[in-house]
Amino acid sequence: MLKGYTLPRSPLGKAAATPAPPWHYSSDIVGAEYWTDPAATAALLPDGLSPDPKTNGHVTAVFLDWQFTSQNEELLDPARYQYREAFVLIDAVWRETPIVFCPYIYVDNDAAMARGWTQGFPKRLGSVFQTRSFAAPGLAAGQLRPGSRFGASLSAHGERLMETRITLHQAEPDPRVIFGRPTVNLRYFPRLAAGQQDRPAVNELVLSITDNLTIVDMWTGEADLLIPEIEDEELHALSPMSMGKGFRCSMAYSVTDLRTLEDFQA
Amino acid sequence: MMPLVTWTDSTEEDQGMLKGYTLPLSPEGEANIVPTPPWHYSGDVLAIEFWTDPQAAAACLPPGLKADQCADGHALGLFVDWQFTAQDDEFLDPAKYQYREFYVLVDAVWRDTPVAWCPYIYVDNDAAMGRGWIQGYPKKLASVFQTRSFAAASPAAAPIAAGTTFAGSMSVHGRRAAAGRVTLREQVPELPAALLRPTVNRRYFPRLTAGQHDQPSVNELTMVVNDDFKFANCWVGEGKIALPKTAGEELDALAPMRVGSGYRFSMSCTIKDLKILDGLGS
């Protein structure tokens, strides 16, 4: 009689790390696109994906301030359902389709981590922050206008892993300039049984499905991005060789599903 | 063998080698907990007005302030999402200079002036706590959160629109000490005077010297001086607030007997001064 969409399952089903879908998300985004060593991005691709010869080495680094709700007014419990996230997306190809793959992602909330693992986002814990935009004008407001600057940072275990600063130049009416490709993840859950630890219980290439995707107030400009070399981390391998656009926007979508591209267990 | 502690005479040359507005002073002046004013603030605010036991409100007033006989225990509970900057692009270091705050203001009177007195305030950032102490805000650390409004429409966006509910919460050491909700009804051109009384604080810094623990080094009644006070997107609606009994806190003594309106607005201001009202003596 235990209930719940995820562990821990419980008599009332309230203890689960995340409530069941549909999951509704709203966010503010600060990010930068850039080019890294194509060998570094190629080295991160799972079976089923191959480098995109047209955009080899292209990376999008994204910092998000999230607010989440499911069906029970979770957005009114900001301590539990607001969170911050940072990740990188690398260009790749699935069959003939240009996609992005998410090799690394960090979040500061356990419910978001549980949803991420369920979706195939390889989430770890990190401390993530970004400059916000406030409505009342002032030097601290971070206004959306030409010349405004935003900073964002990711740290894990007390070490800075990635930081960016962007300067807005102009509003960008077409968000596909930055977010033009579907996201592919690897759902992966290992076995612990001796002798089977290299044979995961779940190993699926999946396509993220975002319902009602809405991106507004996109601005683009210039960006700097730094990925320091940290012991026991591999994010540094994706350090920029040249920078593209910096961007800032707001985004919303809902998740109720995904599409399995390849089931490596089948 | 080297002595464990060496003493050198202070000289003119020593003084001024360390820099900084507050402790810790340091060779480059970058280590201090708070940079030098002016301090610029932007924030989103949930404000809930309520009436507490007038005796409880009077009991938290310092010398120099009197209970406002007209107020009948009127008070405000405020949740604020803050972004800060001084002169060196501090707002581009959001990890250090964004923070969240909850505080209570109770109506009082200084001489013949209606004022708001801040008996309790909680914040999640050390730089904000340092600035608060310097201003006389009695800040302690806590976890503070509030529902935000995002631009892209979704069930999670909390649009600034009639019917939207915003919530705030404050916990001290893992125990919930305040929770509030504001359900927006209508936009208003400006905030009511009840929210805009000048704020009075008590700058207070004790001595540690034996026999002088009750003779503080600093003990002043002060009035906050806000420059460039700006408000935007002011909405009024239904307010709710609870101040549960929490170990080690006395906030619950101000628990609401009845609750009035709730407000949600954005504000900005600059702090570079204050007004000393009374030296309260040591």
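Predicted model, so just to flag it, every value in this text is computed and none were measured. (Residues numbered from 1 in each chain as written. Chains lettered and ligands numbered in written order. Predicted model: local features only at pLDDT ≥ 70, side-chain atom pairs only at ≥ 80, totals over all residues. Heavy atoms only, no water.)

Considering the interface of chain A and chain B
Opposite the 39 residues of chain A that make contact, chain B presents 40 residues. When chain A packs against chain B, the two sides together hide about 3,300 Å² of surface, and 58% of this comes from carbon and sulfur. Together, Leu76, Arg132 and Phe134 of chain A form the three largest contributors to the area buried by chain A at its contact with chain B, with a combined 19%. Linking chain A to chain B there are 17 residue pairs in polar contact (both at pLDDT 80 or more). Sorting the residues of the side of chain A that touches chain B by element identifies β1 (23–35), β3 (58–69), α2 (78–81), β7 (127–130), β8 (149–156), β12 (211–226) and β13 (242–255) of chain A as the ones contributing at least two each. Among the residues forming the side of chain A that touches chain B, the class breakdown is 19 nonpolar, 13 polar and 7 charged. (Contact = heavy atoms within 4.5 Å. Buried area = accessible area lost by both parts, 1.4 Å probe. Polar contact = N/O pair within 3.5 Å; in protein donor to acceptor, adjacent residues only side chain to side chain. Helix = DSSP H or I, 4+ residues; strand = E, 2+ residues; numbered from the N terminus. Nonpolar A, V, L, I, M, F, W, Y, C, P; charged D, E, K, R; others polar.)

Considerations on the pattern of salt bridges
The full count for this structure, using the stated rule, is 25 salt bridges over all chains. For Arg148 of chain B, the salt bridge goes to Asp28 of chain A, with nearest N and O atoms at 3.5 Å. Highlighted residues: Arg148 of chain B in the loop between β7 (143–146) and β8 (165–172) and Asp28 of chain A in strand β1, drawn from two different chains. Grouping residues by exposure puts Arg148 of chain B and Asp28 of chain A together as buried. Here Arg132 of chain A makes a salt bridge to Asp81 of chain B, at a shortest N to O gap of 2.8 Å. (Salt bridge = Lys/Arg side-chain N within 4 Å of Asp/Glu carboxyl O. Buried < 20%, exposed > 50% of the residue type's maximum accessible area, 1.4 Å probe, protein only.)

Quick notes on the confidence of the model for chain B
All names here are of chain B. Put simply, chain B has an average pLDDT of 90, and 94% of its residues get 70 or more. Low confidence marks residues 1–15, where pLDDT is under 50. Its contacts with residues over four positions away, or in another chain, come to 2 contacts. Reported for the predicted complex are a pTM of 0.83 and an ipTM of 0.73. (pLDDT = per-residue confidence, 0-100.)

As for the environment of Asn226 of chain B
All names here are of chain B. Take Asn226: it is sitting in the loop between β11 (218–224) and β12 (227–242). Judged by its relative accessible area of 28%, Asn226 falls in the partly exposed class. Measuring from C-alpha to C-alpha, the distance between Asn226 and Ala142 comes to 25 Å, with 84 residues separating the pair along the chain. Apart from the residues within four sequence positions on either side, Asn226 is in contact with Cys269, Thr270 and Ile271.

Concerning helix α3 (residues 110–119) of chain A
Since the α-helix turns once every 3.6 residues, residues separated by three or four places project in the same direction. Residue and element names in this part refer to chain A. Among the residues of α3, those classed as buried are Ala111, Ala112, Ala114, Arg115, Gly116 and Gln119. The distance from a side-chain oxygen at the start of α3 to the backbone nitrogen of Ala111 is 2.9 Å, and the residue carrying that oxygen is Asn109. Just downstream of α3 lies Gly120, where phi reads positive at about 100°.

Re the side chain of Thr222 of chain B
All names here are of chain B. If you trace the backbone, Thr222 turns up in strand β11. When its relative accessible area of 0% is taken as the criterion, Thr222 is described as buried. Within polar-contact distance, the side chain of Thr222 engages the backbone oxygen of Gln135 at 3.4 Å. Apart from the residues within four sequence positions on either side, Thr222 is in contact with Gln135, Thr199, Val200, Asn201, Arg203, Leu274, Lys275, Ile276 and Leu277.

Remarks on the packing of aromatic side chains
Residues and elements named next belong to chain B. Across all of its chains, the model carries 18 aromatic pairs over all chains by this definition. Ring centres of Phe229 and Phe231 lie 4.9 Å apart, and the angle between their planes is 25°; on these two criteria the pair is classed as stacked. Residue classification places Phe231 among the partly exposed residues on the basis of a relative accessible area of 33%. Relative to Phe265, the ring of Phe231 lies with its centre 5.7 Å away and its plane at 65°, an arrangement referred to as edge-to-face. Highlighted residues: Phe231 in strand β12 and Phe265 in strand β13 (residues 258–271), separated in sequence by 34 residues. (Phe/Tyr/Trp six-rings, centres within 6.5 Å; stacked < 30°, edge-to-face > 60°.)

Some words on the side chain of Ser26 of chain B
Residues and elements named next belong to chain B. If you trace the backbone, Ser26 turns up in the segment before β1 (39–51). Within the local environment of Ser26, its side chain forms a polar contact with the backbone nitrogen of Ala31, the two atoms lying 3.4 Å apart. If we skip the residues at most four places from it in the chain, Ser26 touches Met17, Leu18, Lys19 and Ala31.

With respect to the nonpolar core
All names here are of chain B. One finds Leu65, Phe102, Trp117, Met170 and Leu251 to be the most contacted residues of the largest nonpolar core, which totals 39 residues. Elements supplying a minimum of two residues to this core: β1, β3 (74–85), β4 (98–110), β5 (113–123), β8, β9 (175–187), β11 and β12. The dominant element in this core, judged by the number of residues it contributes, is β4, at 5 residues. Discounting chain neighbours no more than four positions away, the residues touching Trp117 are Cys60, Leu61, Pro62, Leu65, Val104, Leu105, Val106, Ala108, Val200, Asn201, Arg202 and Leu221. (Core = buried A, V, L, I, M, F, W, Y, C linked by side-chain atoms within 4.5 Å.)

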